[in-house]
Structure formats: C-alpha cells, structure tokens
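Here are the chains, one letter per residue:
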Amino acid sequence: MRLFTQFSLHSSFAVVLALSAAAADATAQTRAGQPRRYQDLTALFQEWRAFQHPRLDQGVPDYTAVAMAAQQRALPSWQRRLAAIDTTGWSIAQKVDWHIVRAELNGLDFDHRVIRPWSRNPAFYVTVFPSQSDQPAREGHWAYGSLELWSYRSPLSTTDAAEVSAKLRAVPALLQQARRNLVGNARDLWNMGIRSLRQQSSALQALEGRVVDNAGLAGDTRRARAATDSFVVWLERQAPGKTGPSGVGIENYDWYLANVQLVPYTWHDQVTIMQRELARSRAALALEEQRNRALPLLLPIASSEEWERRFNAAVTEYIGFFRDREILTVLDYMEPALRARVGRFSAGPREFFSEVNHRDPIVMRTHDFHWIDLAQLANAPHASPIRRGPLLYNIFITRTEGLATAMEELMMHAGFLDTHPRGRELIYVLVAQRAARALGDLMMHANRYTIDQAAAFAVAETPRGWLRADGNTVWGEQHLYLQQPAYGTSYLIGKIQIEQLLSDRRQQLGADFTLRRFMDEFTAVGMIPMSLAHWELTGRLGAR
C-alpha cells in the first residue's frame, strides 16, 4: 500500500488523524527534552506565519524561482519541528490546534509540489480587489499584499491615500516579475487569468475616476492600470503556446482533501455524493412544484423601493426566527451585519443568485450567515491565537461555506419557510446548482473536463435556466474551483458534515439537546475544518 506522508489514502479518516497525532507523540517521546507545552505550539505558529509570507523587496513580494525553491527547501524543518511537539496529555481543543498548523504546513507543501500558482496561474498576480469577500480570507490563491479597496472609506484620509499609493506602486514591479515567473503550461488557468487581469484594469479605471483630486494617487493608479494592460497583452501573446491541463489530478486531489482540507472523503466519494445531491434536489424541486402548483408564481422585485422594503423585512424575519424559535443566541452584532448587506436593486440582466434574491429575499438570508461569521471574527474572536484569524489555504471552507449552505435547508426544516412555500422551491434550485458546479470542480481537477465543459455542464444541470452561460457567475465560480481544489465541493460536503455532527450531538445529549445549545457550541469552536469541529464537540475522531 502506497503511503503519502502521514496517511494512507485508503484508510478511514479516524485512522488518518490518529496516525498523524500518534506519529507526533512517538517522535517526541523518543527525543528527550523535546517541547511538549501548548505554548510551544503557539510560538511555532507565530514563527510559521512569518515564514509563510514571501520576502518583500520594496513592497513587492518575491515569487521568483530562486525564492520559491529556498522556501520549499526550508519547509521540512518546520514539519519536523511540529512533529516533535509532544501532545500527550493535551486537551482535544489543543490537539485540534496542532492539526490546524499541520494542515497549513501541508498547504504550503502542496503549493510547491502541485499547484505552483506563481508559475502556472496568471490570476495569482491580481492584487486589486474592489469588493469584500464573504469569507474570513479571500477565496483562492493570491500574491501577498493585496489592495482591498472596499476597506477604505471615501474620501481617503492622508494616511489611507499614502497606503493605497504604496500598494499601487508595487503593481508594475510585481507584474514585471510575473513575466519571468510564469513558465507553466496550464491552458485554462492561463486564459482565465487574462479575464481576471482585465477585471483588475477595470477596477483601476474606476478608482482613477474617484481620486482625480489627488495627483499623486491618480498617477500611481494610472501606472498600475497601464502595467496591468501591458501584462494582459503579454499574456495574450503567450496564450497560443499554452496547451496543457490545469487540474491537479485525482491522486493529488485526494492528498489535498485529507492532508490540507481535512475532508474524510476521496474524489470518487465526492463524485457519488454530488451526483446524489443533484438528483435529490431536482426530485425535491419537482415535488415542491407539484405541491405549490395552485399558488401564484414568484415574480421578480421590480423597484428600488420594493427591494429596500422586502430585504430589510427579510433580515428582521430571520433574526426574529432565531430568537423566537430558540435557534441560537442572538448577539448584538448579528442583525447589523446582515442589514449592512441588503444591497441595491438592479434592473439589468440577472445572474443566478439575483434570480433567487429577486423572487424571495428571505431565502438567501439564510446563506448570509457568512456575514455573521465575519462579525464574529471582528467582535468575538476565538481565544486560541491559532483560530483568532483566518486559516491559510481556505482551510475554513467546510465550516464557513458548509454552514451557510446548511442553514438554507436546516432553517427550512425548522419552519422558517412555512409562510413562504414557493421559497422552498428556491432552496432546491440552490442545492442543484451547487451540486452541478461541484461536479465541474471534480471533473476539471481529474482533467476530464475543460473549464468550458465544466461551465456548460453547470449551466445545463441547473434548474430553470437561471445560470447563464453568458454571465459572470458560472465562469467566476469554475475559475475559482480550478485554482482552489475542493472549494466547489465544500458547500455540500461541509453541509453534510454539519448534519452528521448535529445528528451525533442529538444522540449524545439526548434530552439535554437543544438546537440553541448545539448552534452556540458549534459557532464557539471557530472557523475550522468540520472534521476537527466534530472531534472537538463529540470527542470522537474521524466521523463522516
């Protein structure tokens, strides 16, 4: 049986975690004087995070071949240091933190061995982002030192303007370095990277229009945009020679699932699960449509006034449902976090999620638990320094995307949509779309689909024709999933793991179980992989 670093791909996930923890204990116990305090782990974590960042040269991150080779050579020493920490006698929560650090180290290892975004993926060099991600850290792989434009208030203060200018001045040098670094042959990543860099150019053009009163900042913005446009031209000239696959392959995908995302399912498992979820959701949709056949259809919102009224009412109803049905403890920051994301009405062509939102705003408020998560990070950060901020390599996604997706059906079953019967149909439309795009993720990484085929599959398999082939949603999603293995599957895999945890806690607690207790305990664990959350809350390793 072939082994990969710390586990066998054919072992159960309980054995995976147990073996890696036992290996650490055995290594430490054979060396007298090795560290064994929890504080040794947190100290290593702080040092590791500093090491993980690339070296900066005048604000420009160094992703050259020489720098990346040096980082890769140094990584095994960090893995040895972690393995040498003796966790004997630690609490489960402390051992969970050890596994989080292990997963992050494995994430950098996988980047160097397989993903190599600095040499294969032009979109890695996008560093200007006009809108906020709903995740603890931006989805996917990006060069260090991004400019998050949404985080600055207008008009810019003198300090903020100087900070924005400094980040903009790094853009031309980074893109010049990228021309030397990008030696990969991944066709789909290359072509989609061109699209992403064009979007950066548009964001810079919009920024230039807002900073015309600041000559220095406006000049830095123009130069960053000119460098971006020039880089796009260079990418387009290179594109015809890019002919290779972009997926990581099934074997690598399995390694990544178990060692980085800490997911207890293989690629083949997930194909079966997603096929089942697609069939389940479309069958349930057909039954809901039959039940509701005499009800009026849900018509799209038609005005700004209706949008404002119905979205704010939806937030009020959602928070009230939490409180009145004792779903979870409502904290002061929750309602403002949701109300701040009400957004604005647009009469233009609708993307997939707009089709849902325009028909019943109540439905997607369930998924907006993302913004409660972010408010929790800001207002009630976890006590552990390892969980206080976002985990690297999107290791949080089975928890964050999983919970947001789970809340849709969980709240429906708890009665949230009892007065919105047509809204139940929308829930199953959402599940079907997520299953279809997840299958695209899996097939792209198996190199069985190109990104064009994955997008076409998702469009064809999503009910009601709401996922437009000419829209941004399907292409943006499949591009993300191609860059970040296991992201496309995390919504439903995380949801399934949460349902398993809910079931197990109900069995454990018996008459003492309440949904509010479960939700409060669950959110208190922090934004960590679901397999680790399950271990910490149940005391049992490796349950699916």
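As the structure is a prediction and not an experimental result, all values here were calculated from the model.

Let us now look at the overall build of the chain. Secondary structure summary: the chain contains 22 helices and six strands in total. Taken over C-alpha atoms, the radius of gyration comes to 24 Å for the chain, in line with the 24 Å a tight globule of 544 residues would show. Expressed along its principal axes, the backbone C-alpha trace of the chain runs to roughly 65 × 60 × 50 Å. Residues counted as buried form 57% of the 544 residues belonging to the chain.

Another aspect to go through is the nonpolar core. Ranked by size, the top nonpolar core spans 127 residues in total, and within it Leu-41, Trp-48, Phe-322 and Met-411 carry the most contacts. Tallying contributions element by element places helix H17 (residues 421-445) first for this core, with 14 residues. If sequence neighbours within four positions are ignored, Phe-322 has contacts with Ile-327, Leu-328, Val-330, Phe-369, Ile-372, Met-407 and Met-411. Residues Val-128, Ala-143, Ala-227 and Val-232 belong to the second largest nonpolar core, which totals 38 residues.

All right, on to the pattern of salt bridges then. Under the counting rule described, the total for this entry stands at 37 salt bridges. A salt bridge links Asp-188 to Arg-187, with the shortest nitrogen-to-oxygen separation between them at 3.2 Å. Taking the shortest distance from any N to any O, the salt bridge between Glu-409 and Lys-495 comes out at 3.4 Å. Linking Glu-409 in helix H16 (residues 397-413) with Lys-495 in helix H20 (residues 487-509), this pair joins segments that are 86 residues apart in sequence. Lys-495 gets classed as buried once you look at its relative accessible area, which sits at 3%.

Examined against the element boundaries, Glu-408 turns out to sit in helix H16. The buried category is assigned to Glu-408, whose relative accessible area is 1%. Discounting chain neighbours no more than four positions away, the residues touching Glu-408 are Thr-366, His-367, Ile-427, Leu-430 and Arg-434.

Before going further, it helps to spend a moment on unusual backbone geometry. Along the chain, Ser-154 connects to Pro-155 via a cis peptide bond; the corresponding omega equals -5°. Mapped onto the elements of the fold, Pro-155 is located in the loop between strand S6 (147-148) and helix H6 (158-181). Phi at Asn-394 is positive, roughly 55°, even though this residue is not glycine. Within the fold, Asn-394 resides in the loop between helix H15 (369-379) and H16. Taking relative accessible area as the criterion, Asn-394 reaches 3% and is therefore assigned buried.

A separate point is the packing of H6 against helix H7 (residues 187-210). For the pair H6 and H7, the least separation of the axes is 14 Å and the interaxial angle reads 155°. One element, H6, and the other, H7, form an angle in the roughly antiparallel class. Here H6 and H7 pass one another in a crossing that is left-handed. Only Leu-197, Gln-200, Leu-204 and Leu-207 of H7 make contact with H6, whose side of the interface consists of Leu-168, Val-171 and Leu-175. Of the residues belonging to the contact of H6 with H7, the class tally is six nonpolar, one polar and no charged.

Right, let's talk about helix H3 (residues 65-83) for a bit. The end-to-end C-alpha distance of H3 is 28 Å, a good match for the 27 Å that 19 residues give at a rise of 1.5 Å each. Residues of H3 that are buried: Met-68, Gln-71, Leu-75, Trp-78 and Leu-82. Buried residues in H3 make contact with helix H2 (38-52), helix H4 (92-115) and helix H5 (117-120).

Take the packing of aromatic side chains next. Going through the model one piece at a time under the given rule, you end up with 25 aromatic pairs. Ring plane angle 80° and centroid distance 4.9 Å describe the contact between Phe-352 and Phe-353, whose orientation is recorded as edge-to-face. For Phe-352, a relative accessible area of 0% puts it in the buried group. Among the aromatic side chains, those forming a connected cluster through ring pairs are Tyr-318, Phe-321, Phe-322, Phe-369 and Phe-416. The positively charged end of Arg-81 is found above the aromatic ring belonging to Trp-78, 4.9 Å away from the centroid.

For the rest of this paragraph, the subject is the confidence of the model for the chain. Averaged over the chain, the pLDDT score is 94; the fraction of residues at 70 or greater is 93%. Per-residue pLDDT stays below 50 along residues 1-12; that stretch engages in 23 contacts with residues further than four places along the chain or on separate chains. Note that residues 26-32 has pLDDT below 50 and, in this model, ten contacts with residues that lie over four places away or in other chains.

Glancing now at H6. The end-to-end C-alpha distance of H6 is 35 Å, a good match for the 34 Å that 24 residues give at a rise of 1.5 Å each. For H6, the set of buried residues is Ala-161, Val-164, Ser-165, Leu-168, Ala-170, Val-171, Leu-174, Leu-175, Gln-177, Ala-178 and Asn-181.

Relative to the assigned elements, His-382 resides in the loop between H15 and H16. Distance in space between the C-alpha atoms of His-382 and Pro-361 is 31 Å, their sequence separation being 21 residues. Beyond its immediate sequence surroundings of up to four residues, His-382 is in contact with Arg-387, Arg-388, Ala-524, Val-525 and Gly-526. Side-chain polar atoms of His-382 contact the backbone oxygen of Ala-524, separated by 3.4 Å.

Turning to the packing of H17 against helix H18 (residues 451-461), a few remarks are in order. Packed helices, taken two at a time, are described by the angle between their axes plus the distance between the axes. The interhelical angle for the contact between H17 and H18, taken along N-to-C directions, is 160°, at an axis separation of 8 Å. Overall, the two elements H17 and H18 adopt an arrangement that is roughly antiparallel. For the pair H17 and H18, the crossing hand works out as right-handed. Facing H17, whose interface residues are Ala-436, Arg-437, Leu-439, Gly-440 and Met-444, H18 presents Ile-451, Ala-454, Phe-457, Ala-458 and Glu-461.

Analysis parameters
- Residues numbered from 1 in each chain as written.
- Predicted model: local features only at pLDDT ≥ 70, side-chain atom pairs only at ≥ 80, totals over all residues.
- Heavy atoms only, no water.
- Helix = DSSP H or I, 4+ residues; strand = E, 2+ residues; numbered from the N terminus.
- Rg over C-alpha atoms; globule rule 2.2 N^0.38 Å.
- Buried < 20%, exposed > 50% of the residue type's maximum accessible area, 1.4 Å probe, protein only.
- Core = buried A, V, L, I, M, F, W, Y, C linked by side-chain atoms within 4.5 Å.
- Contact = heavy atoms within 4.5 Å.
- Salt bridge = Lys/Arg side-chain N within 4 Å of Asp/Glu carboxyl O.
- Axes fitted to C-alpha atoms, helices over the stretch in contact; angles between N-to-C directions.
- Parallel < 35°, antiparallel > 145°, perpendicular 65-115°, else oblique.
- Left-handed = near helix turned anticlockwise from the far one by under 90°.
- Nonpolar A, V, L, I, M, F, W, Y, C, P; charged D, E, K, R; others polar.
- Expected span 1.5 Å × (residues − 1).
- Phe/Tyr/Trp six-rings, centres within 6.5 Å; stacked < 30°, edge-to-face > 60°.
- Lys NZ or Arg CZ within 6 Å of the ring centre and 35° of its normal.
- pLDDT = per-residue confidence, 0-100.
- Polar contact = N/O pair within 3.5 Å; in protein donor to acceptor, adjacent residues only side chain to side chain.

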